[in-house]
Number of protein chains: 6
Amino acid sequence: MSRPYYKPIADEVEIFRAAYAQRLPMMLKGPTGSGKSRFVEFMAHELGRPLIQVSCHDETSAADLIGRFLLKGGETVWQDGPVARAVRSGAILYLDEIAEAREDVVVILHSLSDHRREIFIDRTGENLKASAEFMMVVSFNPGYQKSLKELKPSTRQRFVALDFRTPHEDVETEIVQTESGVDSKMALKLVRFANKVRGLHELGLTETVSTRLLVDAGKMINAGIGPRKSCAVSVVSPLTDDLEIQETLSEYIALSF
Amino acid sequence: MSRPYYKPIADEVEIFRAAYAQRLPMMLKGPTGSGKSRFVEFMAHELGRPLIQVSCHDETSAADLIGRFLLKGGETVWQDGPVARAVRSGAILYLDEIAEAREDVVVILHSLSDHRREIFIDRTGENLKASAEFMMVVSFNPGYQKSLKELKPSTRQRFVALDFRTPHEDVETEIVQTESGVDSKMALKLVRFANKVRGLHELGLTETVSTRLLVDAGKMINAGIGPRKSCAVSVVSPLTDDLEIQETLSEYIALSF
Amino acid sequence: MSRPYYKPIADEVEIFRAAYAQRLPMMLKGPTGSGKSRFVEFMAHELGRPLIQVSCHDETSAADLIGRFLLKGGETVWQDGPVARAVRSGAILYLDEIAEAREDVVVILHSLSDHRREIFIDRTGENLKASAEFMMVVSFNPGYQKSLKELKPSTRQRFVALDFRTPHEDVETEIVQTESGVDSKMALKLVRFANKVRGLHELGLTETVSTRLLVDAGKMINAGIGPRKSCAVSVVSPLTDDLEIQETLSEYIALSF
Amino acid sequence: MSRPYYKPIADEVEIFRAAYAQRLPMMLKGPTGSGKSRFVEFMAHELGRPLIQVSCHDETSAADLIGRFLLKGGETVWQDGPVARAVRSGAILYLDEIAEAREDVVVILHSLSDHRREIFIDRTGENLKASAEFMMVVSFNPGYQKSLKELKPSTRQRFVALDFRTPHEDVETEIVQTESGVDSKMALKLVRFANKVRGLHELGLTETVSTRLLVDAGKMINAGIGPRKSCAVSVVSPLTDDLEIQETLSEYIALSF
Amino acid sequence: MSRPYYKPIADEVEIFRAAYAQRLPMMLKGPTGSGKSRFVEFMAHELGRPLIQVSCHDETSAADLIGRFLLKGGETVWQDGPVARAVRSGAILYLDEIAEAREDVVVILHSLSDHRREIFIDRTGENLKASAEFMMVVSFNPGYQKSLKELKPSTRQRFVALDFRTPHEDVETEIVQTESGVDSKMALKLVRFANKVRGLHELGLTETVSTRLLVDAGKMINAGIGPRKSCAVSVVSPLTDDLEIQETLSEYIALSF
Amino acid sequence: MSRPYYKPIADEVEIFRAAYAQRLPMMLKGPTGSGKSRFVEFMAHELGRPLIQVSCHDETSAADLIGRFLLKGGETVWQDGPVARAVRSGAILYLDEIAEAREDVVVILHSLSDHRREIFIDRTGENLKASAEFMMVVSFNPGYQKSLKELKPSTRQRFVALDFRTPHEDVETEIVQTESGVDSKMALKLVRFANKVRGLHELGLTETVSTRLLVDAGKMINAGIGPRKSCAVSVVSPLTDDLEIQETLSEYIALSF
């Protein structure tokens, strides 16, 4: 695989390398679209390890992660799930949005995330020791989860944690330009529009403009849609259904482009 | 298949084409009966792609969408679900009323709706890459969902979004005439009656008169029922069970026909 | 089958015929015991179509309606459910008390109730087109459901709707006489007693005296129980457990017989 | 089977016979231990019909009542549940505490309890017509259910209903004497003690002293335990855990024996 | 089996014998550690009947109690559960903490606990009559359950009930001495310490010091741990996590030893 | 296995030995990261018994613990779960975070934790007596559980309980130094920083700084990350998402290093 594009925001690359050297599991904290998934893809490539990703949700069962018996030709055959595959093969296991998972699934991973580095597969009776190259990474969106699901302290305290915040203007402009294909001037305009909206705390938006939304707007512009319309359908409408807020944001669009 | 009838309301056709060119997933937002499903059928025909539709609801399981093993002649045989079929065949996948689906089903689709464009089928261990022609479209009814189920920001922000609003009088008259078979004068009467009711915010209706209801009333008129009775059974009674509101609306019917 | 007894209350027969001519689905709204089920049986006979009935409840699964695979002689064999049978055979499908069904079951029927007139059977991959004679009818009790389960607007607006109200005195007397076997004088007494109780809104009964309860009372009289005792066990006790209300109603019985 | 002992309290035997003559389903309403189950056993014997009883609870599934497929020798074999057996064999079906059952189970029985007298077995596709001798009887405890589970009006109104109240002193004395084996003087003492406690509404007991409790006390006396101790363990302790109420009742015991 | 050690507190042995003579089911009421389970073991030995015990909890299914089909060598084979085994073999069936069980499991046992003395096994269609020696005993902890789960009156009133209270000082001292192996002086000290704490209602403990805790403390003393430390780990810490209450109780320990 | 590193905090080693001598089950109470799991590993080694660990969670089923039938080559084969294996082999069974388990799973273990020392395996009908060397140990976090899940008194009172509190400064410094590899001066700095934060009750943290977090910080320092950054990612970010609290803690870091 070619090296994925990733532009570091702060010292996240060094922290990740140190945690990996000590085989400490990592937690990436930050809002949706802030680049957590891309960062893990990048680090997996840097460290030369395969990456196994799982999107967590509250119907994920332990069997979905660990594995299950399947019926093949009249015989039950064991099939590893993504966690068992990662543990055996020394991959980097990335559990996206871990707080969405049911507590029981999270607890099963406890023995993998401390000095034991092993997982007990109760269906087969196997006590699976992690390969020396194995590392566990999870992501968590504190803003969204605040009043909903929380991670238990006994889970949180197993991870070295990194907070992802909005990148500086020039870094974000470079990202938008590279990923959407617009020129640097349009990319800067998009970032500045985003930064204005990000300052509007009085709007009460659940989440604010992410870099991903700006990249999408850039792509629509590239496909021939005007910048104002592109921002309307790629930034405003995905953010809110509220007509008044949509109108306020349209005024900011009109001022920006 | 012959070209389906669809009368554009605004610039939705251009936006959809641009999103398809960039392979960005789309979200169609608007009330029931506003033509979202017809629009997708029309665009699929325009783009020359097969259309695979799924009505979402809170019992839809991942297996219903992705696929499952069936027992055939003593052997378990894999059967693709509608999502896997769409992904493999490069169809347009339309998930109607996505907010009705359980969160876990929605989360499974995340990797299909970002730069990865792939879905992991855990039961078979297959990492299914989307065909180049594949596109994902979802619909969402913000008015109805407001206080019920909400889409997570990390889901919403994956889509370029289009807001469907009530069409202009002449556009809607043409739609009613074409689909129900009444003449243009009766179609206009029906639309004007609808617009009067749509202005009655004090009635507190959950949803207001959709174009679909007008088409149904037109069809009942065509079948020989008088316009007043047709509006009573096709517009008023489907909208509300409240006797007082029914009487108020009957007065508007009496004034209109 | 001989023609079922049904005495029309208003113009419900013409409305139903027109909706059938246009293949528009129908919703029958009204309290329990108001004759909705009998009306559908009558119309099915009039239109010369078989009738397939389903009592909805919140454990009805999609498989219960659509069909399922059964294991027969080591082979899985598909078995149509009542909806698939109705759709294939061009029957009238009657879903009694649709609001009791889980939302997901209702949503599955959406594609059957609009211009598509088809249903996708995900287990077999079959896209089943409705026979030209097929019609869907549902019932709904707005009084009982008011504060409990509601139908979604996107479901309600698919149906032409008929409100069933209490029939006129002479119509109801004829029904009670014909169905219970009492003479017209006793039938009239029963209807007048019912109409007195129906006016007692201050009693706060969940539902009031239906025609069915009067028919049951008539049958008990026919079996030799006195009219007062018959009304007590067939009307009063089925309506309420409240001792005070029972006594109030007993006084009305004593005045009526 | 020899004739079961049953002492009628009011005109319940005649009402039941009339309802059976008309094949109207019956509902027996009254507190626990008031003799509803014994009455049904007695009536089944009087009418010469077998009796099939089911204790309802909120885990009873439709399959538990109607039937299910069992795997026998590699073949799936259908096995009738108690309802199907009663319907086929023309038995009296007694559903004890129907309000405890899930609504869906109750709704399935609707078609059995109106003019249709049939039940559709979806698993086999069989439309099972009730034998001419079949009758359905249900019981319901209105005092206990008041603030808990309620029967839907569309269910209640299908039944002719009988209210069971406390029998007169001499009737209850005869029952206690006959069933426990104590002499008539001791039986009368037990009944008078019960009637005193039944008047103590200020104690706030969920249910008051039933005839069954008096019979149990009589049996303990017969086994050599003194009347006071017998009442303490057979009447007071089963009724309440509250120490103060236990003491109050002990004083009434001391006054009575 | 040698005779189990049991020291009667009041007339519980005579009451149990009388209930057994009349085949009346029994309910043992009292706090945890008050000796209910030991009493049943003792009575089973006295009456020469085998004892079958079940700890109830809210996941116990009817199949866990009654029995189930197991697949053995391609054939389904019925396996009796503990209730069916007790009923067939004439054992004493002890359902510990019956209020923890789901209502449906309790209701299934109703026909076993009244004059019918039978249980219907719906999976096999067998109507199992209880052996003449069979007796049902249940336990219930009223203090703990007060605001949580309650038994329905229709269940409670099926049992002759015995209240277990704290034994007198000399009885409890003998129990502690016999079971833990400490001398009578130390046993008395432990009982007196317990009685002091039992009087401290102002502490608001969920449950107070049971005889079992004193026996455990005695065993720790026997193993060489000092009396104060033994009471801290065997009595105080099992009772409460509250630091202030722990300190208060430590002062009582210091005064007692 | 080589002797695991464990530094005793108080008299926990003697208490555990005494409880084991008397075969009394133990409960370890304390916050996450206080060394409960390490202590059990150490004691198992000291006593020369194998250790079987289970992380409890609210999806753990009885079958997960006790065992289940698996289908192998057409035959169902019983497979012991961790509890059955521990009971048979005389291991030390450690149930981590027992309060997370469902009540029914906990109740199943009751017969193992009192004088009976046996467990009934209902699926096989086996009454499994514990090996003489078997011991049961559970852990519980009273701070975290306070307002969430509680253990029932009838469960708690089965265990001799040990409270784990923060170790003294010199003990904790030795632990941090030994486990992370930093020198004693840096270890002491980390412990002193922790003790300052532990005194800040006004921050309202769910849990405070555990020894485990200090060990992680030490490891990050060893991997070349500065002490301030190491504390930020290993102590502050795992403890809280609150920006203000993060800043307050950063000031304490700046003062400490």
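These numbers come from a predicted model, not from an experiment.

Here is what the cut-offs are and how they apply
- Residues numbered from 1 in each chain as written.
- Chains lettered and ligands numbered in written order.
- Predicted model: local features only at pLDDT ≥ 70, side-chain atom pairs only at ≥ 80, totals over all residues.
- Heavy atoms only, no water.
- Contact = heavy atoms within 4.5 Å.
- Patch = residues over 30% accessible without salt bridge, like charges linked within 9 Å, V, L, I, M, F, W, Y side chains within 5 Å.
- Areas by Shrake-Rupley, 256 points an atom, 1.4 Å probe, with all protein chains shown as cover.
- Salt bridge = Lys/Arg side-chain N within 4 Å of Asp/Glu carboxyl O.
- Lys, Arg positive; Asp, Glu negative; His and termini not counted.
- Charge placed at Lys NZ, Arg CZ, Asp CG, Glu CD.
- Helix = DSSP H or I, 4+ residues; strand = E, 2+ residues; numbered from the N terminus.
- Buried < 20%, exposed > 50% of the residue type's maximum accessible area, 1.4 Å probe, protein only.
- Least-squares fit on C-alpha atoms with pLDDT ≥ 70 in both.
- Buried area = accessible area lost by both parts, 1.4 Å probe.
- Polar contact = N/O pair within 3.5 Å; in protein donor to acceptor, adjacent residues only side chain to side chain.

> Can you walk me through the arrangement of the chains in this structure?
Between chain A and chain C there is no contact; the minimum C-alpha to C-alpha separation amounts to 12 Å. There is a clear gap between chain A and chain E: no contact, and 12 Å between their nearest C-alpha atoms.

> I'm lost on a negative patch on the surface in this one. Help?
All names here are of chain A. Residues Asp-242, Glu-244, Glu-247 and Glu-251 make up a contiguous surface patch of negative charge. Among the structural elements, Glu-251 can be located in helix 12 (residues 243-256). Under the relative-accessibility criterion, Glu-251 is labelled exposed at 53%.

> Just checking my understanding: could you explain the relation of the copies chain E and chain F for this structure?
One copy of the chain maps onto the other through a rotation about an axis followed by a shift along the same axis. Relative to chain F, chain E is turned by 60° and slid 0.0 Å along the rotation axis, the superposed coordinates differing by an RMSD of 0.1 Å. As the rotation angle and translation indicate, the two copies are arranged about a six-fold axis. Looking at chain E, a mere 5% of its interface residues are interface residues in chain F too, so the copies touch through different faces.

> Could you clarify how one ought to interpret the interface of chain D and chain E in this entry?
Interfaces are frequently sized by the accessible area removed from exposure as the parts join. Contacts between chain D and chain E engage 43 residues on the former and 39 residues on the latter. Note on chain D versus chain E: buried area summed over both sides is about 3,500 Å², and carbon and sulfur give 50% of it. Counting the contacts that link chain D with chain E gives 3 salt bridges. The shortest N-O distance in the salt bridge between Asp-241 of chain D and Arg-156 of chain E comes to 2.9 Å. On the surface where chain D and chain E come into contact, there are 13 residue pairs in polar contact (both at pLDDT 80 or more).

> How should I be thinking about the environment of Tyr-5 of chain C in this particular structure?
Residues and elements named next belong to chain C. By the element assignment, Tyr-5 lies in the segment before helix 1 (12-21). The sequence separation of Tyr-5 and Glu-41 amounts to 36 residues, and the corresponding C-alpha distance is 9.3 Å. Every residue in contact with Tyr-5, bar those within four places of it in the chain, is listed here: Arg-38, Glu-174, Ile-175, Thr-178 and Glu-179. There is a polar contact of 3.5 Å between the side chain of Tyr-5 and the side chain of Thr-178.

> In this structure, what is going on with the pattern of salt bridges? I would like to understand it.
A side chain of one charge can pair with a side chain of the opposite charge when the charged atoms of the two come close. Using the criterion set out here, one finds 90 salt bridges over all chains in the structure. The partner of Asp-114 of chain B in a salt bridge is Arg-158 of chain B, and the shortest N-O contact between them spans 3.1 Å. Here the residue Asp-114 of chain B occupies a position in the loop between helix 5 (103-108) and strand 6 (118-121), and Arg-158 of chain B occupies one in the loop between helix 7 (153-156) and strand 9 (160-163), the gap between them amounting to 44 residues. For the pair formed by Asp-114 of chain B and Arg-158 of chain B, the shared burial category is buried. Between Glu-46 of chain F and Arg-17 of chain F there is a salt bridge, and its shortest N-O distance comes to 3.4 Å. With Glu-46 of chain F in helix 2 (residues 36-47) and Arg-17 of chain F in helix 1 (residues 12-21), this residue pair connects regions lying 29 residues apart in the sequence. The exposure class of Arg-17 of chain F is partly exposed, given its relative accessible area of 38%.

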